[in-house]
Each structure stands twice: as C-alpha cells, then as structure tokens.
Amino acid sequence: MKRAIGLLGRGGLFAVVALYTAFAAGPFLWVATMSLRTTSEISIDHYAWPAKWHWEKFGQAWFNSNYNVYFGNSLIVVVSAVALLTVIGSMAAHCFARYRFRGNRALYFIVFSAIIFPPQITIIALFQILVQYGLYNTLAGLALVYVAVQLPLTVYILETFFARIPGDLFDAARIDGYPEWQIFWKVSLPIALPAIATAVILNTILLWNEFLYAVVITDESKRTLPLGIQRFMGDQLEDVGMIATGLMIAIVPVVLIYAFFSEKLIQGMTAGAVK
Amino acid sequence: MASLVAPTPPRAASTALRVDRPPWGAIVAFLLPAFTVYVAFTAYPVLRTLWNSVRTVLPRNAEFVGLANYAALARDDLFWRAVQNTFVWACVSPLAEVTIGLLLALALYARIPGRRFFRIAWFTPVLMSYIVVGIIWVWIYNYDWGAANALLRAVGLGAYVQAWIGDPRVALPSLIFVTTWMWTGFNMVVLLAAMHSLPSEVLEAAELDNCGWAAKLWHVVIPLIRPTILNLVVLSFIGKMKIFDLVWITTKGGPLWSTETVSTYLYKRAFEWSTFDLGYPSTIAVVWFVIVLAGVLGLTWLFRTRERLEY
Amino acid sequence: MRTLRWLVAVLAVTFASAALGQQVKLTFWSHWAAEKIKRDFVEEAIRRFEAAHPNVKIEATWYEKNALYAALKTALRAGTGPDIFYAEPDQVEYMENGLLLDLSPLDWSGIEPWAKQIWTYKGKPYGLPLEAWTIELYYNKKALADLGVTVPASLQLSAGSFTDLVKKARAKSMTPMSLGVGDRPFPGAFLVHEALVKKLGLEDYANLLAGKLSWSDPRVVDTLKLVRSWTEAGLLPTTFTTLKLGESHTYFYANPGAATFLMGSFYSSRAFNPPDKGGEPAGFQVGIMKYPAVPQGACEECRTLAVGGSYVVNAGTKNPREAIEFLDAFVDPAMANRWLENVVVQTGLKADLSKIGGPHAAYLKELFAADANAKYFFGLPNQRMQGKPKEVFTQVFNNAFPAGTISVEDAVKQMNAAYAR
C-alpha cells in the first residue's frame, strides 16, 4: 500500500483528498457561518465571513422558538427507541443467526422485506392504530413506531455479523453448560460490539433526522427537532439566518455523537483484525 | 438469503448444535419482543394496505372493487414515469456512492496524514437530515446567488449556469448528485471498517508477491470485501427506491414530473389529490413493493458469490 | 326525610345549572399562521365570541396551508378532526365523503349569493366564505414612470403596450414581473388563465377547463403563443420555479424590485405588514391595473374571482350548535367592513360599502376601480378541475410553461391527453 502512494504521487493524492473534503464539508461550513449572521447581512453577501459573531441567535432559536421542547422530545424519543431497538434487535438477530429451526429463513425474510415497504402508506393505518390505543401524539407512541420502522434494518445488520462468529465459541460454551441466555449475553454480544455500535450510530442518525412519521403522529407539544426547523420557514421572508442557526442546533449534537462513537468503532475493528 | 449476502463457511459445519432439537423455549423468548412490535406496527398495516388495494376506501365506507385499481394503475403514465425516475436513481446512486466511497476508503487505509479529521469531515453529510440537506442544496442551486452557479461564474464557465432544480432536463441528475454527496461518506466508513477487519496476512502476502497496487486492489482487496460491497449496494438501492423527504423539500416531484418518485406520487395521491380514497395509493404501494423486491433479488443474484472464500 | 328531599333538590339544581353553564370547548385549525393581519382578524373574532359566550372556549391552532391539509387528511380519516377548520371550495372531497356539517342554519342573507353558490354541494351550503379574491396586476408606480409607461384611464394596457413594458424593463435590467411557484400550485397559472378567460369568454373558458373544448383550438394556441412571447422576452424572474409566494412579494417591492406583480388581491395581507415582517417598504407606491387586453378577445372585462379561505364545521363535531353560532358571528356587515378595512381583501360576506374607511381606504378605492364592470368567472382552474387534468394543468401551466421548459405544442398535447380516458 505504501507503494501505492509512491505511484500516485503524494501531491496528487492530497489534492484529491483536499478537493473532496471541500466538497463534503463545504456546505456545512457555509451553514455554520450563516448561523452567526443575521438574514439582512446574508442577503447583502451570501458568502462573507461573519463580521460580528451573533451568538445570541442560538439563544433566540433555543428559547423563543420552542427549540428546547423539540430538542427534549427528540432526545427522549430517539434514546428510548434506539435502546429498545438494540436490545430486541440483537435478541432476534442472535436467534436467526445461531439457531437452526424450521421457518428460520422464512421469518427472517419476512422481517427483512419490511425494509422495502414505502412508509407513506403504512402511516395511515399506523395513525389509526395509535389513536385506538391512546398512543397518538405521545412520545411513547412515536418511539414505538420508530422501533418498528428501524427493526428490519437493525436485524439485518446484526444478523449478518452474528452469523460470522465462529461456531466453536458457542460449542465451547454449551459444553461448559451455559444456558442459552448466557450464551447470548456473554458470547454473542461482546464479540458483536462493532456491529452493535454500527447499528446504534445508524439508528440514532436516522431517527434523529426522521421527519415523515413525526409530522403525522405528533402535535405541537410533542414535535421533534426536524419539524422545529419548519417554524422558521414561514412564507414571508425566508429567514435564512435563523434557519441556519436552527440547522446548526440540529446538526452539532449528532456530529459530536458520531465523533465520540466512531473512535470506539474503529478501535473495535482494528482490534478484531489481528486474530 | 443470508448465504447470498455474506460468504460464511456453510452453516452446517460450524454452527450445528450439539442437541438434536432446537431449543424452542429460547427461540420464542428471543423472537417474541421483536415480533410483537413487528406484527403490531408493521405487519398489520401492510395487510391492511393489501386489503385497501382491492377497495375504494373512503372515511365512511370501503367498497370492494376487485382489480379495478390495478387496472387503472397499469394505465397510469404518471406512475410509470415515477417508476422510471426512481429506478434510474436507484441504479445510478449505488454505482457512484460505492465506487467513490471505495476510492476514499483506500485513501484513508493508505494511512495518509490527518485521516481522523478526514473521516469525520467526509461523514458529516451523512449526519444531516434530509430537511437540512434539502434546504442547503436549494440554496446552493439557487440561480442567482447559489454556490453552484457562483462557482461556475467564478471560473469563467458562466455560460453553463442552469436552473439546476428548475429545468426538467437537469433536475433529476442534480438531486442524484445531492444524495451521492450525502451517502458517499457512509459507504466510505463502512468499507474502511471492512478493510481494517481483513486479516493482515493476506495483504502482506500480496505485497510480498510484488503485485502492483491496481492488481492488488482488483484481485485481492475487492473480492475479500465483496460481501460488504454487496450490502452497501443493496442498502443504497433500497434507500433510493424509498426516497421522499429530499424530493419533497426541493422539487416536490417537479418540474414536469422529472423528479417524481413513487413515494412522492403515492403521497400526493393519498394526501393531495382531491379525494379521500386510500385504495388507489394502497395499490401503488403493493405494486411498488413487488417491484422493489424483484430489484433486490435481482441484485443479490447478480452479486452471488461464485466460490467460497477461505482464510 | 325532609332533609333528604331537600338535599336531593339542592343536588338536582346544582347539576342542572352546571349542565346549562357547561364549558364547551371547540377546536379550531386554520391556515394563515404567517399572515398576521388575517390571523389577528380571526383571533379578534374569537375573543369577541368568547366574551359574548362565556361558556364556550375556542382552542385555535395555526398552520401553514400545506401542513394543515396533510394534518386534516389524516385526522379526518381517523375520525379525530377539529370542530371547525379552514378549507377552500376546491376541496370537494370533504363534501363527497360527508365530512362537513350542513351550514344551512347560517344567516345567508348576509352573504353574497355567488359566494354561497361556490360552497353549495347538492343543494346545501357547507362553508362560510370569508375570503374572496381577484387577480390583479399590481405595479410599482415609480418604476413605471421611470420606464416611461403610462397606464391608460381604462386601467388596461393593450397587449402591444405590455410587450413594450417588458422590453423596456429588461433594457434597464429590471424584472418586468415578479412571480414565483416555489410553494403554491396556482400563481404561475395566473398568467395563462387570465389571458384565456379574456380570449374565450366565460362559457368557452368553462368548457375548456371541463375538457369539452379542445386545447388545440386556435384561440387557445394563439393566446399561449402570446404569453410565450412575453416570457421569452424575459418577463419572469430567473428564480421563478423556486421563488415562494411570500418571497415573490418582497421580490416585487423590496429586493430586488420588479415593475409589476401578478397576484391575487390577498396581496395586502403580506404587503401591509411592517417592512421587517415582509411588508412594503416605507414610501412604496403600489398601483393596480387590469390584466392586459388580449388581441381579439371575446370578453376583455372577464376575470377570475375565487373564494379563498373559508371555515367549515366537522360533521362529527360534538358541539354543532356552538360551532354554527361561532360562524354566524362573522355574518355581520360590521365584521365584513372590518375585514375589508384591515385585511384589505374582498370577502364573501356582504359589506356596507358606503361606510368603508380605515387606513387603507385609498387602496380599496383603487381595487374596486380595477374590478369595476368586471364579469366574473368563479373559481380558479385548480378549484374547478380534479384528478389527472388538474395535476397536468398544474405541472404544465403553473410551472413548466411560464418557465419556458415546455413548448406550446407539447403543452397542448399534454392537456388534451390528460382529459382522454
């Protein structure tokens, strides 16, 4: 691989990398600068660096526009949904991957195929079910819907990984007389930590940003963050400055979570590479 | 299905249980919570949708109409236009995203300096919701002051400025560009992780054999991470077949249906056309499900592993 | 024993009076979250009603239109909609499915008959037509003076003069007409259908929309070619396809400024806000003229009149009496006058025109002058059309045709095909 760098020329590689970085992170940087400028400043020049850093806008977005409510709701819903998903998803994935029984593949296929179903149509029936069980416009109802929505993907990711764990470990555990539950807890889970981390990150990101279900199933008091941005999008004056601030509040926590988790993930991966 | 997706040593050899009968108690215990949620919030709505599709479903009554909805769907050229757009998107995107992601992952794997920073920087687009991405790119594609046209004008290519999402000829490619921007970083991270999990002996062996880097890439690395590549292609394919939020925020399926996807068309039929009928949108959902399933099965068949890998 | 009977009597009286003075709560969902003036008007009406009826409490939730429609569709399907909500007459699906309460008990003598007609379905009226609007050609008086264009006393430019205006504005790098279809399915189509109604006259125009007159009719094609000649000369902003309705207002009078603005007369509900809330800047002088005359038009005084924001009652409401009483409170010349004076848009309620005053009396005078002697076609195309023709019309004539991304021939072909079954 080191030869590869020599062949391409360090300069060329770096140029490509720098270009792609500008491409990937450029828009993010642009929004960040706009979040600290007022809309009138922005309409004069869309690309200037902030002359005056309006940090107070973050305070405004947070308190005046009900953002604290949205953030809190998003936090509760996403954390509970992801926790539940990880637990029941890994249980199901472990079962599909390690046990041979009639109907294993059929059941797995049934769960997996749900990924494909367009959400727009299940939304009506879901709405009616939630109303029926008194879960409409509750954070619990939204969390449960999120669990159902992400379950197929979670099971898919985890099952693939669980299946690759060498069977000898399980055989050894069984010989030692461990009950099935302990095998799951002490053998499968620890080894599958990288896959679980992937699933947790993916679910957190997808659910934090989820829009369609949230808008149909919630009312103002239970709104989540993606909907909160809409408050700034009145049709009068597109309040570009405040929208940008709102966007930053939505983006930054997720970036931080990723930055924290990704280290663990990569550590897990590189540790596992050396068998 | 998993055996098409991950090149595991055949299950029989390594995962057979010592006991003759599977431990049903444990199986039920493990599967019950997941299936309860699944049945209540996924299976039932799906069955309800099937039921809806052979009826005209209005708020006060539902009238059985047999296959009339399906017949109407076959004649619905707006639907088939949406299918075409969505298929194009779902085929082009994985190609772009996975290829670029692979090249980027290699760059990081080659241990260039500052790779931790790059990894995070390249991943930020993935972290943004479609609302955020949609708003930002509508700004970027703005004809007057957007970054796209500003850049073109700045380098003297002002003749090529377009109404990127206002012109039916370039609207769909513009949106495909946006999703590529979003998801390439994700593919890069996963492929990088896959590369790191490869046993180092194989790569060292290849190095000793004096392979050029291109040959090493094609004959050694790619076959080893093939299952991961397949997973990513399938995920990307499915994701684009379902895409809704981005189109809704940017073009709403316009201009002239050039970005109409099956999801947006379905939403419009269910919520925006002057009718409460849920039967026809349900028919769209059922037919679409079959098409997507066929696509996924086709993809996995295409990528089926030809030989068992041993390492 | 006597104590017991006395106790029972007291309890009975207490319960009875509690039932009589029972708190009634009405839920109310409406559009106009961002249109302060209309919102203020309705909230004032709510306050007055609550003051006059102490046992009724109205809980109002304000939405943007698209969000409101989506929320209503799901709520009504699930049987849990609000008691009173905003609707527009093109939403026939509500009436077709029996979701609205028959509003016959309202005092219809206080409402314009044409407004009642628009909301009548199978002989019964279902909506309170609060807002009505016409399509006006607003212009920047100063800009037109600078361009050397004079508006004749008839308030209607000829087609040739209008083409002239377009060229002169472009020569000075000013956008001739502000218009945007970023978030609404009707503004772009104004350009086309106001010309068509003048060329064809009321009856043939109705036939055209109903699919009884072919779009290949030479009069239709000629009109489309006329409009095309304007758009090719640079009539519209370059950001036409993504410019939102609210933004098109500020595009006209603030930044960057346009010579004219083809908009519904609800222009006032955004324009008369303070400048920092999206309103006209201080000193801006807006004029109103008629849509230019179409060569050999059958009816140059013909124009569209649409009923806009109306209020309807959920058929499943638990408090029909109070809901109808609330709507009835709007049917009052004083209310209509207040609407006209403050919101400055037409209304379906009968007003006392002799008593119109208020801060915008001059504007109202201009508005009525522009509408003088008009022959009205009731309803926008997208209120009169349904299903596939409506969808094709919107995509073709609201978005693509004004933007110049579809040819006249293709547009005609697509429309004809849409009606074919």
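Note that this is a predicted model, so its numbers are computed, not measured.

Account for the overall build of chain C, with residues named and values stated.
When helices and strands are tallied, chain C shows 17 helices and twelve strands. The C-alpha atoms of chain C give a radius of gyration of 24 Å, which matches the 22 Å a tight globule of 421 residues would have. Overall, the C-alpha framework of chain C stretches about 100 × 55 × 35 Å when taken along its three principal axes. Classification of the 421 residues of chain C by burial places 48% in the buried group. Here the analysis covers contacts within chain C between residues at least 6 apart in sequence; of these, 76% occur between residues at least 24 apart.

With reference to specific residues and values, describe the interface of chain B and chain A.
With 77 residues of chain B at the contact, the number on the chain A side is 80 residues. If one sorts the elements of the side of chain B that touches chain A by residue count, helix H3 (residues 24–53) of chain B sits on top with 15 residues. When its residues are assigned to classes, the side of chain B that touches chain A shows 58 nonpolar, 14 polar and five charged.

Which residues make up the pairing of strand S2 (residues 56–62) of chain C, and what values go with them?
Moving residue by residue along a regular strand, the side chains alternate between the two faces of the sheet. Residues and elements named next belong to chain C. Two elements, strand S1 (residues 24–30) and S2, share seven bridges in a ladder whose sense is parallel. Within S2, the position partnered with Lys-25 by the bridge is Lys-57. A crossover links S1 with its parallel partner S2, the connecting element being helix H2 (residues 36–52), and its sense is right-handed.

Tell me what's going on with the environment of Glu-301 of chain C, and back it up with residues and numbers.
Residue position: Glu-301 of chain C is located in the loop between strand S9 (286–289) and strand S10 (302–307). A C-alpha to C-alpha distance of 6.9 Å links Glu-301 of chain C and Asn-373 of chain C, two positions 72 residues apart in sequence.

Quick rundown of the sheet that holds strand S3 (residues 84–87) of chain C? Include the residues and the values.
Residue and element names in this part refer to chain C. On the basis of which strands lie adjacent, the open sheet formed by four strands has the order S2-S1-S3-S11 and mixed pairing. Every interior strand has two partners, whereas the edge strands, S2 and strand S11 (310–313), have only one. Adjacent strand axes in the sheet meet at a mean angle of 25°, parallel and antiparallel pairs treated alike. As judged from the two bridges shared by S1 and S3, these two strands associate in the parallel manner. The residue of S3 that forms the bridge with Phe-28 is Ile-84. Against the sheet, H2 makes contact with S1 and S2, and its axis sits at roughly 165° relative to S2, the strand it touches most. With respect to the sheet, helix H12 (residues 320–328) is in contact with S1, S2, S3 and S11, its orientation differing from that of S11 by roughly 165°.

Kindly report on the domain arrangement of chain C, identifying the contributing residues and their values.
Residues and elements named next belong to chain C. As assigned here, chain C comprises domain 1 (24–131 + 308–351) and domain 2 (134–305 + 369–419). On a C-alpha basis, the centres of domain 1 and domain 2 stand 29 Å from each other. Contacts between the two partners involve 14 residues from domain 1 and, on the opposite side, 13 residues from domain 2. Counting residues per element, the ones that place at least two in the side of domain 1 that touches domain 2 are H2 and helix H5 (113–118).

Kindly report on the packing of helix H6 (residues 104–113) of chain A against helix H8 (residues 139–164) of chain A, identifying the contributing residues and their values.
All names here are of chain A. The N-to-C vectors of H6 and H8 enclose an angle of 130°; their axes lie 7 Å apart at closest approach. As judged from the angle between their axes, H6 and H8 are oblique. Of H8, the residues touching H6 (which contributes Tyr-108, Val-111 and Phe-112) are Leu-151, Pro-152, Val-155, Tyr-156 and Glu-159. Looking at the contact of H6 with H8 residue by residue, the class counts come to seven nonpolar, no polar and one charged.

Just give me the short version of the nonpolar core, but keep the residues and values in it.
With 156 residues, the main nonpolar core has Ala-92 and Leu-158 of chain A as its most contacted residues. Discounting residues that sit within four places of it in the chain, Ala-92 of chain A has contacts with Val-155 of chain A together with Phe-30, Leu-31 and Ala-34 of chain B. Counting residues in hydrophobic clusters, the runner-up holds 120 residues, among them Val-42, Val-192, Phe-330 and Phe-393 of chain C.

Talk me through helix H7 (residues 130–140) of chain B; I want residue IDs and the actual numbers.
Burial within H7 of chain B is extensive, with ten of its eleven residues counted as buried. Considered for burial, the residues of H7 of chain B that qualify are Tyr-130, Ile-131, Val-132, Val-133, Gly-134, Ile-135, Ile-136, Trp-137, Trp-139 and Ile-140 of chain B.

Residue-level account of the packing of helix H9 (residues 171–196) of chain B against helix H12 (residues 226–241) of chain B, with values.
Residues and elements named next belong to chain B. Where H9 meets H12, the axes come as close as 10 Å, and the angle between the chain directions of the two elements is 155°. By the angle between their axes, H9 is roughly antiparallel relative to H12. Taken as a pair, H9 and H12 cross one another with a handedness that is right-handed. Contact residues: Thr-179, Trp-183, Asn-187, Val-190, Leu-191 and Ala-194 in H9; Thr-228, Leu-232, Ser-236 and Lys-240 in H12. In terms of residue class, the contact of H9 with H12 is built from five nonpolar, four polar and one charged.

Can you explain unusual backbone geometry? Please cite residues and give values.
Look at the link from Asn-255 of chain C to Pro-256 of chain C: it is a cis peptide, with omega at 0°. Tracing the sequence through the fold places Pro-256 of chain C in the loop between helix H10 (245–253) and strand S8 (258–264). The phi angle at Lys-252 of chain B is positive, at roughly 55°, despite the residue not being glycine. Its place among the elements puts Lys-252 of chain B in the loop between helix H13 (245–250) and helix H14 (262–272).

Rules behind the numbers
- Residues numbered from 1 in each chain as written.
- Chains lettered and ligands numbered in written order.
- Predicted model: local features only at pLDDT ≥ 70, side-chain atom pairs only at ≥ 80, totals over all residues.
- Helix = DSSP H or I, 4+ residues; strand = E, 2+ residues; numbered from the N terminus.
- Rg over C-alpha atoms; globule rule 2.2 N^0.38 Å.
- Buried ≥ 20, exposed ≤ 12 C-beta atoms within 10 Å, placed from the backbone.
- Contact = placed C-beta atoms within 7 Å.
- Nonpolar A, V, L, I, M, F, W, Y, C, P; charged D, E, K, R; others polar.
- Pairing = 2+ DSSP bridges.
- Right-handed = clockwise from strand over helix to strand, strands pointing away.
- Axes fitted to C-alpha atoms, helices over the stretch in contact; angles between N-to-C directions.
- Domains from an automatic or database assignment.
- Parallel < 35°, antiparallel > 145°, perpendicular 65-115°, else oblique.
- Core = buried A, V, L, I, M, F, W, Y, C linked by C-beta atoms within 7 Å.
- Left-handed = near helix turned anticlockwise from the far one by under 90°.

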